[in-house]
Amino acid sequence: MKDTSLINKTLLQNANNDLYMKMLGIEIIEISSGYAKAKMKVTKEICNPYNSVHGGCLFSLADITAGYAACAYGHYVSTVSGNMNYIKPAMNTNYIYCIGEVVRQGKQISVYNVELSDDNGNILETGSFTFFTLNREV
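Please read all numbers here as calculations on a predicted model, not as lab measurements.

Asks: So what's going on with the sheet that holds strand β2 (residues 35–41)? Which residues, and what values?
Replies: Strands sit in the order β1-β2-β4-β5-β6-β3 across an open sheet of six strands; the sheet is antiparallel. At either margin of the open sheet sits one strand with a lone partner, and together these are β1 (26–32) and β3 (75–86). Recorded for the sheet is a direction-independent mean angle of 20 degrees between the axes of neighbouring strands. Sheet topology note: the strand β5 (residues 109–117)/strand β6 (residues 123–137) ladder contains nine bridges and is antiparallel. Along β6, the bridge assignment pairs Leu116 with Glu125. Packed onto the sheet, helix α3 (residues 55–71) meets β1, β2, β3, β4 (95–105), β5 and β6 and runs at close to 140 degrees relative to β3.

Asks: Which residues make up the state of the cysteines, and what values go with them?
Replies: One covalent bond between the sulfur atoms of two cysteine residues makes up a disulfide. Within the structure shown, the criterion is met by zero disulfides. Lacking any disulfide linkage, Cys98 is separated from the closest cysteine sulfur, that of Cys57, by 13 Å.

Parameters at a glance
Numbering of residues begins from 1 in every chain and follows the order in which that chain's sequence is written. Confidence filtering applies because this is a predicted model: local features only for residues at pLDDT of at least 70, side-chain atom pairs given and counted only at 80 or more, and all residues used for totals across whole chains, interfaces and linings. As a rule here, side-chain values come from all non-hydrogen atoms in the structure, and water together with hydrogens is ignored. Strand pairing is assigned whenever DSSP identifies at least 2 bridges connecting the two strands. The numbering of helices and of strands both runs from the N terminus, where a helix is a DSSP run of H or I of at least 4 residues and a strand a run of E of at least 2. To obtain each axis, a line is fitted to C-alpha atoms, and for helices this fit is confined to the stretch in contact; angles are then taken between N-to-C directions over 0 to 180 degrees. Pairs of residues are marked as contacts when any of their non-hydrogen atoms sit within 4.5 Å. Counting rule for disulfides: a pair of cysteine sulfur atoms within 2.5 Å.

Structure representation (structure tokens):
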């Protein structure tokens, strides 16, 4: 297995080259084994007719963030399932921040919780994601 700093560097390079993440304005800002923090720029392109960030964009931010946290253990993962609780509308903020943290890291299946917040730290959404660990090193 590669060392942690090399894994994190590789994952950040992957994130910087990810066209879907670029389209949504998602940036990974911190990563370590079992933990990742990301932010998404709020633009009119990702908002619904009510000027709130579209739930699908929020789900993508959460899935990506938790997935990077899981990959930071050294193997790529694939999402098995995801669940989101949309608590407050994501509006009147420049960025949406997401933290993904490990609940359980197994050999094949891992579970992560996510929390999304606005510029003021108000919790907007929470969720849980389950991943399958692939036989492919980062």
